[in-house]
Amino acid sequence: MSTHELDRIDWKIIGELQADGRISNAELSRRVGLSQSPCWTRVKSLEERGIITGYHAAIDQRALGRPETMIVQVTMERHADRSMADFEAAVRALPEVFEASVIAGEFDFQLKVSLRDTAEYEQFLRRKLYKISGIRNVRSILLIRDILKEK
């Protein structure tokens with residue numbers, strides 16, 4: 001079976017692990033309808049094939065005292081390798097940024113920023129983001145709620 005040929009059970013395993021990466025093999029096998037040994041073998045195969053690349057802790061920004069999430073889209077003045085790399089390095093140093101992606105389209109980068117409130121966001125913009133050279137345009141979007149994380 002190639003990397004892209006996944007059956008119904010593989011997809012169930014992936015879904016369960018995305019929902020709870022700490023699930024025991026016994027519980028996972030029960031939920032997907034396999035005995036423990038074949039379930040463990042499938043998980044190991046998904047890992048070896050690079051489909052499952054790791055297990056991560058999901059962080060609740062609200063519990064950290066940072067209930068507001070802003071999506072920040074950035075367009076750069078120039079797209080030279082050095083300008084882009086400098087921006088990426090600067091963003092990695094900003095603790096408020098918990099997700100950063102290079103994107104295609106009207107904007108070059110998309111950041112997710114967690115903050116206490118909009119006043120803190122204004123300070124983040126003025127004192128940190130706007131100080132990074134090479135930025136042409138910034139668009140901010142307030143994230144109201146993540147419908148995929150609701151239970």
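The paragraphs below set out a description of the structure included in this document. (Residues numbered from 1 in each chain as written. Predicted model: local features only at pLDDT ≥ 70, side-chain atom pairs only at ≥ 80, totals over all residues. Heavy atoms only, no water.)

**Thoughts on the overall build of the protein**
Per the secondary structure count, the protein includes 5 helices and 4 strands. Going from the N terminus to the C terminus, the protein shows its helices and strands as α-α-α-β-α-β-β-α-β. Rg of the C-alpha trace for the protein: 20 Å, well past the compact-globule value of 15 Å for 151 residues, more than 25% over. Based on the C-alpha atoms only, the size of the protein along its principal axes is roughly 55 × 35 × 25 Å. Burial status across the protein gives 31% buried among its 151 residues. For the protein, restricting intrachain contacts to residue pairs at least 6 apart in sequence, the fraction spanning at least 24 positions comes to 62%. In the form shown here, the protein has an accessible surface area of approximately 10400 Å², with 50% of it arising from carbon and sulfur atoms. (Helix = DSSP H or I, 4+ residues; strand = E, 2+ residues; numbered from the N terminus. Rg over C-alpha atoms; globule rule 2.2 N^0.38 Å. Buried < 20%, exposed > 50% of the residue type's maximum accessible area, 1.4 Å probe, protein only. Contact = heavy atoms within 4.5 Å. Areas by Shrake-Rupley, 256 points an atom, 1.4 Å probe, with all protein chains shown as cover.)

**So, the packing of aromatic side chains**
With the rule as written, the count across this model stands at 2 aromatic pairs. Arranged with centres 4.5 Å apart and planes meeting at 40°, the rings of Phe-87 and Phe-109 form a pair that is tilted. With Phe-87 in helix α4 (residues 81-92) and Phe-109 in strand β3 (residues 109-115), this pair connects stretches of sequence that are 22 residues apart. Phe-109 carries the same exposure label as Phe-87, and that label is buried. (Phe/Tyr/Trp six-rings, centres within 6.5 Å; stacked < 30°, edge-to-face > 60°.)

**A few points about the sheet that holds strand β1 (residues 68-76)**
Here 4 strands make up an open sheet; going across it, the order is β2-β3-β1-β4 and the pairing antiparallel. Every interior strand has two partners, whereas the edge strands, β2 (97-102) and β4 (135-143), have only one. Strand after strand, the sheet turns through a mean of 20° between neighbouring axes, direction not considered. Pairing of β1 with β3, which is carried by 7 bridges, proceeds in the antiparallel orientation. Pairing of Val-72 across the sheet is with Leu-111, part of β3. Docked against the sheet, α4 engages β1, β2, β3 and β4, running at close to 15° with respect to β3. (Pairing = 2+ DSSP bridges. Axes fitted to C-alpha atoms, helices over the stretch in contact; angles between N-to-C directions.)

**Some points on the packing of helix α1 (residues 8-19) against helix α2 (residues 25-32)**
Relative orientation and spacing of two packed helices are given, respectively, by the angle between their axes and the distance between those axes. Two elements in contact, α1 and α2, have axes whose closest approach is 10 Å; the angle formed by their N-to-C orientations is 130°. The angle between α1 and α2 places the two elements in the oblique class. Between α1 and α2 the crossing geometry is right-handed. Residue-level contacts link Ile-9, Lys-12, Ile-13, Glu-16 and Leu-17 of α1 to Leu-28, Arg-31 and Val-32 of α2. For the contact of α1 with α2, the residue count by class is 5 nonpolar, no polar and 3 charged. (Parallel < 35°, antiparallel > 145°, perpendicular 65-115°, else oblique. Left-handed = near helix turned anticlockwise from the far one by under 90°. Nonpolar A, V, L, I, M, F, W, Y, C, P; charged D, E, K, R; others polar.)

**Regarding the layout of surface pockets**
Estimated volume of the largest pocket: approximately 1400 Å³. For the largest pocket, the lining is made up of 33 residues, of which Ala-57, Ala-58, Ile-59, Asp-146 and Lys-149 are closest to its centre. Counting only elements with at least two residues in the lining of the largest pocket, the list comes to α1, β1 and β2. In terms of residue count, the dominant contributor to the lining of the largest pocket is α1 (4 residues). For the lining of the largest pocket, the class distribution of residues is 14 nonpolar, 7 polar and 12 charged. (1 Å grid on protein atoms, 1.4 Å probe; cavity = no way out; pocket = protein on both sides within 12 Å on 5 of 7 lines; lining within 4 Å. Points joined across faces, edges and corners; volume = space filled by probe spheres on them.)

**Details of the packing of α2 against helix α3 (residues 36-48)**
Contact geometry for α2 and α3: axes closest at 9 Å, N-to-C directions at 100°. Judged on the interaxial angle alone, α3 and α2 are roughly perpendicular. On the side of α2, the interface is formed by Asn-25, Ala-26, Leu-28, Ser-29 and Val-32, while α3 contributes Gln-36, Cys-39, Trp-40 and Val-43. Within the contact of α2 with α3, the residues separate by chemical class into 6 nonpolar, 3 polar and no charged.

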